[in-house]
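Analysis of the macromolecular model
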Amino acid sequence: MKLNVLLTGGSGFIGRNILESYLIEKYNIIAPRRSELDLVDDDNVKRCFAENKIDVVIHSAIKPGHRNAKDPTNLFYTASRMFFNITRHSASYRKLIVLGSGSVYDMMTQDLCKVSEDFFDTKMPLDEHGFFRFISAKFIELMDNSVDLRIFSIFGKYEDYEIRFISNAICKAIYDLPITIKQNRRFDFLYIDDLMPILDHFIQNDVKYKAYNITPNSAIDLYEIALKAKAISGKDLPIVVGKPGMGFEYSGSNKRLRDEVPGLRFSNIDESISKLYRWYSENKHSINRDLLLFDK
């Protein structure tokens, strides 16, 4: 008997990839659109759990607050109401897997250099998104059937190529445009395909901790990624860096994750970027060149 998995945010970047992964064959994934399930609406969420037998919830939905968001207002109110509308029905499911963020550690005011989960709560994030992640993480610590998967940076098809660096660099290379970097920084970039076996493990197994950093083994800087995208394109493109020096690093230790998931492996970054480059090349018609001309 397949487990019934409720996936929120199924139309987003991560959600769309989940629905195209092998997980869709292994589990009965229910992924209602916003028109079908408004997570801000108390009665709507209550009815969803009353009408569906749910074993596991993967909470991926979030109100966008990034620089390309159409409406960045009321981020904390909306995101927290969505989160607590899920958690207040915890008796209706066996497990909640929250796709959280490394922003819980306060990425805006300090270097995060392969920080461990124990670094949590040494500082409270000042930005609205980070503060929401902090509050939800504190609540998850009090729950019996919930785990916080803290993703730092993740890339792959369907992400917002207008602002997400790896896709942005690839798309600019495809259109013979300069690859631009506001300031060089080091990130933990997880390839989207590598998230699927991690989710599979957390769906299937009870785990030791309430939170896990979901990061690859090594961080990489943006300039190095730009060089890789340029090499894959085979074009002699300029790489333009706006601000000298290095910005804050954003990386987390994955030791707890590797100890939890036996045989965990991560994709080679060169192969992942090449694979994504091929996908964008095959889907060039979906790229709006005009959106690449100005950096947000």
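A short tour of the structure in this document, coming up.

Basis of the calculations
Residues numbered from 1 in each chain as written. Predicted model: local features only at pLDDT ≥ 70, side-chain atom pairs only at ≥ 80, totals over all residues. Heavy atoms only, no water. Helix = DSSP H or I, 4+ residues; strand = E, 2+ residues; numbered from the N terminus. Buried < 20%, exposed > 50% of the residue type's maximum accessible area, 1.4 Å probe, protein only. Pairing = 2+ DSSP bridges. Axes fitted to C-alpha atoms, helices over the stretch in contact; angles between N-to-C directions. Phe/Tyr/Trp six-rings, centres within 6.5 Å; stacked < 30°, edge-to-face > 60°. Lys NZ or Arg CZ within 6 Å of the ring centre and 35° of its normal. Contact = heavy atoms within 4.5 Å. Parallel < 35°, antiparallel > 145°, perpendicular 65-115°, else oblique. Left-handed = near helix turned anticlockwise from the far one by under 90°. Nonpolar A, V, L, I, M, F, W, Y, C, P; charged D, E, K, R; others polar. Expected span 1.5 Å × (residues − 1). Polar contact = N/O pair within 3.5 Å; in protein donor to acceptor, adjacent residues only side chain to side chain.

On to unusual backbone geometry, then. Even without being glycine, Lys114 reaches a positive phi, approximately 50 degrees. Within the fold, Lys114 resides in strand β5 (residues 112-115). Relative accessible area serves as the criterion here: at 28%, Lys114 is assigned to the partly exposed category. Backbone geometry places Asp121, a non-glycine residue, at a positive phi of 75 degrees. Structurally, the position occupied by Asp121 is in the loop between β5 and α5 (128-140). When its relative accessible area of 40% is taken as the criterion, Asp121 is described as partly exposed.

A few words now on the sheet that holds strand β3 (residues 56-59). Across the sheet, six strands lie side by side as β2-β1-β3-β4-β6-β11; this open sheet has parallel pairing. Looking at strand neighbours, the two that pair on one side only are β2 (28-30) and β11 (211-214), the edges of this open sheet. Looking at each pair of strands side by side, their axes are set apart by 20 degrees on average, direction ignored. Pairing geometry for β3 and strand β4 (residues 95-101), over four bridges, is parallel.

All chains considered together, the criterion is met by 20 aromatic pairs. The interplanar angle of 40 degrees and the centroid separation of 4.9 Å between the aromatic rings of Phe152 and Tyr250 together place this pair among those described as tilted. Here Phe152 is found in the loop between β6 (146-151) and β7 (153-155), whereas its partner Tyr250 is found in strand β14 (residues 250-252), with 98 residues between them in sequence. Of the two residues, Phe152 and Tyr250, both sit in the buried class. When the centroid spacing of 6.5 Å and the interplanar angle of 80 degrees are considered together, the rings of Tyr161 and Tyr280 count as edge-to-face. Taken together, the residues span a long stretch of sequence, with Tyr161 in the loop between β7 and α6 (165-174) and Tyr280 in helix α10 (residues 269-282) at a distance of 119 residues. Here the two residues Tyr161 and Tyr280 agree in accessibility, since each one is buried. Site record: aromatic cluster; members linked through ring pairs are Tyr105, Phe119, Phe152, Phe155, Phe187, Phe189, Tyr191 and Tyr250. If you follow Arg16 out to its NZ or CZ, it ends over the ring of Tyr158, 3.7 Å from the centre. Here the basic side chain of Lys284 rests over the ring of Tyr175, its NZ or CZ set 4.7 Å away from the ring centre.

Our next topic: the side chain of Ser60. Within the element layout of this structure, Ser60 appears in the loop between β3 and α4 (75-87). If sequence neighbours within four positions are ignored, Ser60 has contacts with Leu7, Thr8, Gly9, Ile14, Gly15 and Leu99.

In the contact formed by helix α8 (residues 222-233) and α10, the axes pass within 10 Å of each other and the chain directions differ by 55 degrees. Accordingly, the angle class assigned to the pair α8 and α10 is oblique. Helix-helix and strand crossings are classified by hand; for α8 and α10 the assignment is right-handed. Contacts between α8 and α10 pair Ile225, Lys228, Ala229, Ile232 and Ser233 from the former with Ile269, Asp270, Ile273, Ser274 and Tyr277 from the latter. Residue classes in the contact of α8 with α10 are distributed as six nonpolar, two polar and two charged.

All right, on to α10 then. For α10, built from 14 residues, the straight-helix expectation of 20 Å at 1.5 Å per residue is met to within 8% by its first-to-last C-alpha distance of 20 Å. Considering only its buried residues, α10 is in contact with β7, α6, β10 (189-191) and α8. Of the residues that open α10, the one with a side-chain oxygen 2.9 Å from the backbone nitrogen of Asp270 is Asn268.

This brings us to the environment of Ser251. Examined against the element boundaries, Ser251 turns out to sit in strand β14. Judged by relative accessible area, which is 0%, Ser251 ranks as buried. C-alpha of Ser251 to C-alpha of Cys113: the two residues are 138 residues apart in sequence and 5.2 Å apart in space. Sequence-distant contacts of Ser251, that is, excluding residues within four places in its chain, are made with Leu112, Cys113, Lys114, Val115, Phe152, Asp188 and Ala219. A distance of 2.7 Å separates the side chain of Ser251 from the backbone nitrogen of Lys114, its partner in a polar contact.

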